[in-house]
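Here is what each chain is made of, one letter per residue.
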Amino acid sequence: MLTSVPTCTGDQKNYVDTCKDISGKLQLIIHQALADFKESKDEFLSQKIGKLFQVVGLYRQAFEKLNVKTKSEFDGLARRYFSSPEVRDAFDEITQSERDWDEALEEIDKTLNTSVAVQLKEDHLCEIVARQAELKQFGAEILIVSFGEQLGADNWLKETNCPFDMILDPYRKIYLSFGLHRSVSKVWSCACMVYYVEQLLKGRQLPRPLENVHDDPQQMGGDFILDNTGRVVFSYCSKVSNDRPSVDQILAAIHSHHSG
């Protein structure tokens, strides 16, 4: 008895080829990153880690090729074509490569000595600016803390039209006291890279680094509320580079403190 094995349609083959291309290149990029890190941790973190951003271009090209704009839509194609064994194998392959990528970055994190991104913090700032009147009803004053250099801070304030005061914490004493860590895996994970792709496909512009300004995209941020005695009444440490609390969460914390 002969059993026919269904072959991939054109669309399915296109999806399979795209998954295999991403999977193979993810492995190549992360293997090179691990080799660079092993050769010199400091040089990797200060000069070579930006090579990981190649993944953004890789996924963007794939999304445009398949005419999708989000990772959810990309994964949805796998579900649509899941009757094909080639599609299932290709999807499993890319899923494993993404897992290998994230696990490799977590291993790098374990070797960072300090206990302490491209980041789209402007969204969070815009939300706070738009609702600052609500915050000020409770007598709240907003202060931004940056670990960066003066030139970079001045440029960021200008580009974002930020109305709030900023102080610099170049030795990150404030960051350390609030438990804000540096992390490679939380900034450069596949999920974060795909987030940037989705923003680009929406027409967003990613912030460009300034020439001669040394930044540290591995530094994580957070939001904190202190009462008038200096006691912390709300603490939110970012889980990934684009993770911030909503203004509703902040207002709820302030209201709870005032009601308590």
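Nothing here was measured: the structure is a model prediction, and the numbers come from that model.

Colleague: Hey, could you run me through unusual backbone geometry in this one?
Modeller: The backbone of Asn-161 shows a phi angle near 55°, a positive value even though the residue is not glycine. One can find Asn-161 in the loop between helix H8 (150-160) and strand S2 (165-168). At Arg-172, a residue that is not glycine, the phi angle is positive and equals roughly 60°. On the secondary structure map, Arg-172 appears in the loop between S2 and helix H9 (173-177). The class of Arg-172 is buried, set by a relative accessible area of 18%.

Colleague: Could you clarify how one ought to interpret the side chain of Ser-189 in this entry?
Modeller: With respect to the helices, strands and loops of the structure, Ser-189 is situated in the loop between helix H10 (185-188) and helix H11 (190-201). When near neighbours in sequence (up to four residues on either side) are disregarded, Ser-189 contacts Trp-101, Asp-102, Leu-105 and Val-184.

Colleague: What am I meant to see in the packing of helix H1 (residues 10-39) against helix H4 (residues 71-80) here?
Modeller: In a pair of packed helices, the angle between the axes and the distance between the axes together describe the arrangement. Between H1 and H4, the shortest axis-to-axis distance is 11 Å and the interhelical angle comes to 130°. Considering their axes alone, H1 and H4 lie oblique with respect to each other. Between H1 and H4 the crossing geometry is left-handed. Side by side, H1 and H4 meet where Tyr-15, Thr-18, Cys-19 and Ile-22 of the first sit next to Phe-74, Asp-75, Leu-77 and Ala-78 of the second. Residues belonging to the contact of H1 with H4 are distributed by class as follows: 6 nonpolar, 1 polar and 1 charged.

Colleague: For this particular structure, what's the right way to read the pattern of salt bridges?
Modeller: Tallied over the full model, the rule gives 13 salt bridges. Across the salt bridge formed by Arg-60 and Glu-64, the nearest N and O atoms sit 3.3 Å from each other. Taken together, the positions of Arg-60 and Glu-64, both in helix H3 (residues 54-66) and 4 residues apart, correspond to about one turn of that helix. Judged by its relative accessible area of 32%, Arg-60 falls in the partly exposed class. On the basis of relative accessibility, which here comes to 47%, the residue Glu-64 falls in the partly exposed class. A cluster of three or more residues bridged by salt bridges with shared partners is formed by Asp-36, Glu-43 and Lys-48.

Colleague: How should I be thinking about the pairing of strand S1 (residues 143-146) in this particular structure?
Modeller: Each regular strand carries side chains that alternate between the two faces of the sheet. The side-chain alternation of S1 yields one buried face, formed by Ile-144 and Ser-146, and one unburied face, formed by Leu-143 and Val-145. One ladder, built from 4 bridges, connects S1 with S2; its direction is parallel. By the bridge assignment for S2, Leu-143 is matched with Asp-165. Note that the unit made of S1, H8 and S2 has a crossover that is right-handed.

Analysis parameters
Residues numbered from 1 in each chain as written. Predicted model: local features only at pLDDT ≥ 70, side-chain atom pairs only at ≥ 80, totals over all residues. Heavy atoms only, no water. Helix = DSSP H or I, 4+ residues; strand = E, 2+ residues; numbered from the N terminus. Buried < 20%, exposed > 50% of the residue type's maximum accessible area, 1.4 Å probe, protein only. Contact = heavy atoms within 4.5 Å. Axes fitted to C-alpha atoms, helices over the stretch in contact; angles between N-to-C directions. Parallel < 35°, antiparallel > 145°, perpendicular 65-115°, else oblique. Left-handed = near helix turned anticlockwise from the far one by under 90°. Nonpolar A, V, L, I, M, F, W, Y, C, P; charged D, E, K, R; others polar. Salt bridge = Lys/Arg side-chain N within 4 Å of Asp/Glu carboxyl O. Pairing = 2+ DSSP bridges. Right-handed = clockwise from strand over helix to strand, strands pointing away.

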